[in-house]
Amino acid sequence: MKTFLDVVAAEKRLEIAQRSAVLPEDALREQVAELAPRAPFRRSLLRAAGAPVSLITELKARAPGRENVAALEPEAVIADYEAGGASAISVLTDEKHFGGSLETLARAGRATSLPLLHKEFILSPYQLLEGRLRGASAALILAYYFTERELAHLVEVAKEFGVEAVVECSLEQELPRTLAVDPDIILINNRPIAAIPANPAESYSRGDVRNAGLWWDRFEGLRRWHEQGERLLISASCVEGPADVAEISRHPYDAILVGNAAMVAADRQGFLRDLIAASA
């Protein structure tokens, strides 16, 4: 069965081909080589003993089946996120399904000194370079798209570019090859995005924050990976309020990524403060 991620991958290959025909990868590499480092992502989010969870808040105009804002104003949203206590900002750059763009990432990079996560359907080093040029500290890499060998290669390439790889798993069968690569950062998506069908409008919102605990309890390998120290474990998706953060925080996740709920909150600053308080 073709999935939503399969559909998006075909779209991304076309986008990469079109952009690289205008600006070749070698030219991007030259530009990236001259950049100063961005704020560290992993070290900014690691959770000290007894400390509240770190929040990664997301710039997301829309998602399949829902609209968060009619027009995204990154600077205003980021100001709220910073005041509310966010530790990092995730920026959706997919335009067709999420209303983002590389320009949104560039504007975010100019608006904040917080570390930025380039959240995209990344298939190629070319996209890692595009994000790095626009201020990304880290990039989301979906394990779904790669074999163990391919995933290990892309994680190393990201490191060469000065980008921290955040490897996402949303299905249990993706975890063994992710752990075999031993990345510094793993994100467990409470929404099984890799199983969503090609037309996602009615099923994209499924998921449950309790999945964070189920993964932690079920997989000894995940626990051993995290116990090495300096490994950043993130829970993402399906967070609607403080009760969800409290549920995730029963397990030793370092950070929680909050998307739609943060975008639509009437008082974003107060909403984030309540989430942080719920994890203490």
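Look a little higher up for the structure.
Figured I'd write up the structure that's included with this text. (Residues numbered from 1 in each chain as written. Predicted model: local features only at pLDDT ≥ 70, side-chain atom pairs only at ≥ 80, totals over all residues. Heavy atoms only, no water.)

**Re the overall build of the chain**
Helix and strand counts for the chain stand at 13 helices and 10 strands. Since a compact globule built from 280 residues should have a radius of gyration of about 19 Å, the 17 Å found for the chain is in line with a globular shape. When its C-alpha atoms are laid out on the principal axes, the chain stretches across 50 × 40 × 40 Å. Looking at the chain residue by residue over its 280 residues, the buried ones come to 56%. Summarising the internal contacts of the chain: among those between residues at least 6 apart in sequence, 71% fall at separations of at least 24. When the accessible surface of the chain is totalled, it reaches about 11800 Å², and 49% of it is carbon and sulfur. Each charge class in the chain was averaged separately, 31 positive and 40 negative side chains, and the resulting centres sit 1 Å apart. (Helix = DSSP H or I, 4+ residues; strand = E, 2+ residues; numbered from the N terminus. Rg over C-alpha atoms; globule rule 2.2 N^0.38 Å. Buried < 20%, exposed > 50% of the residue type's maximum accessible area, 1.4 Å probe, protein only. Contact = heavy atoms within 4.5 Å. Areas by Shrake-Rupley, 256 points an atom, 1.4 Å probe, with all protein chains shown as cover. Lys, Arg positive; Asp, Glu negative; His and termini not counted. Charge placed at Lys NZ, Arg CZ, Asp CG, Glu CD.)

**A few points about the environment of Gly 85**
Relative to the helices and strands, Gly 85 resides in the loop between helix H4 (74-84) and strand S4 (88-92). On the basis of relative accessible area, Gly 85 is assigned to the partly exposed category, the value being 32%.

**Re helix H7 (residues 148-160)**
Its 13 residues give H7 an end-to-end C-alpha distance of 19 Å, which sits within 8% of 18 Å, the value for a rise of 1.5 Å per residue. Regarding H7, the residues found buried are Leu 151, Leu 154, Val 155, Val 157 and Ala 158. Buried residues of H7 fall within an arc of 160° about the axis and therefore sit on the same side. Residues of H7 that are exposed and angled more than 90 degrees away from the buried face: Arg 149, His 153, Lys 159 and Glu 160. At the C-terminal side of H7, Gly 162 shows a positive phi close to 80°. (Expected span 1.5 Å × (residues − 1). Arc of directions from axis to C-beta.)

**Considering the sheet that holds strand S10 (residues 255-258)**
A barrel is described by the order of its strands in space; here 8 strands give the closed sequence S1-S4-S5-S6-S7-S8-S9-S10, paired in parallel fashion. Adjacent strand axes in the sheet meet at a mean angle of 25° when their direction is disregarded. Relative to strand S6 (residues 138-142), strand S5 (residues 116-119) runs parallel, the two being bridged by 2 bridges. Along S6, the bridge assignment pairs His 118 with Ala 139. Lying on the sheet, H7 is in contact with S6 and strand S7 (164-169); it crosses S7 at an angle near 150°. (Pairing = 2+ DSSP bridges. Axes fitted to C-alpha atoms, helices over the stretch in contact; angles between N-to-C directions.)

**What about helix H13 (residues 268-279)?**
In this model, H13 (12 residues) spans 17 Å end to end at C-alpha, consistent with the 16 Å of a helix rising 1.5 Å per residue. Those residues of H13 that sit buried are Arg 268, Gly 270, Phe 271, Leu 272, Leu 275, Ile 276 and Ser 279. Buried positions along H13 lie against strand S1 (54-59), H4, helix H11 (242-248), S10 and helix H12 (260-264).

**Concerning the environment of Glu 150**
Turning to its location among the elements, Glu 150 is positioned in helix H7. Residue classification places Glu 150 among the partly exposed positions, given a relative accessible area of 41%. Once the C-alpha coordinates of Glu 150 and Val 181 are considered, the two residues, 31 residues apart in sequence, prove to be 9.8 Å apart.

**Structural notes on the pattern of salt bridges**
Under the counting rule described, the total for this entry stands at 22 salt bridges. For Glu 230, the salt bridge identified is with Arg 42, shortest N-O distance 3.8 Å. Of this pair, Glu 230 sits in the loop between helix H10 (220-227) and strand S9 (232-236) while Arg 42 sits in helix H3 (residues 42-45), placing them 188 residues apart in sequence. A salt bridge links Arg 110 to Glu 103; the shortest N-O distance between them is 3.1 Å. When its relative accessible area of 43% is taken as the criterion, Glu 103 is described as partly exposed. (Salt bridge = Lys/Arg side-chain N within 4 Å of Asp/Glu carboxyl O.)

**Examining the pairing of S5**
Burial along S5 is two-sided: the face carrying Leu 116 and His 118 and the face carrying Leu 117 and Lys 119 are both buried. In terms of strand pairing, S4 meets S5 through 4 bridges, oriented parallel. Each residue of the ladder has a partner; that of Val 91, found in S5, is His 118. For the handedness criterion, the β-α-β arrangement of S4, helix H5 (residues 102-111) and S5 is classed as right-handed. As a crossover connection, the stretch from S5 through helix H6 (residues 125-133) into S6 is right-handed. (Right-handed = clockwise from strand over helix to strand, strands pointing away.)

**Considerations on the side chain of Lys 12**
One can find Lys 12 in helix H1 (residues 4-22). The exposure class assigned to Lys 12 is buried, which follows from its relative accessible area of 1%. Among the polar contacts listed, one links the side chain of Lys 12 to the side chain of Asp 94, at a separation of 2.8 Å. A distance of 3.1 Å separates the side chain of Lys 12 from the side chain of Glu 120, its partner in a polar contact. For Lys 12, the residues in contact, after removing those within four places along its chain, are Asp 94, Glu 120, Phe 121, Leu 123 and Gln 127. (Polar contact = N/O pair within 3.5 Å; in protein donor to acceptor, adjacent residues only side chain to side chain.)

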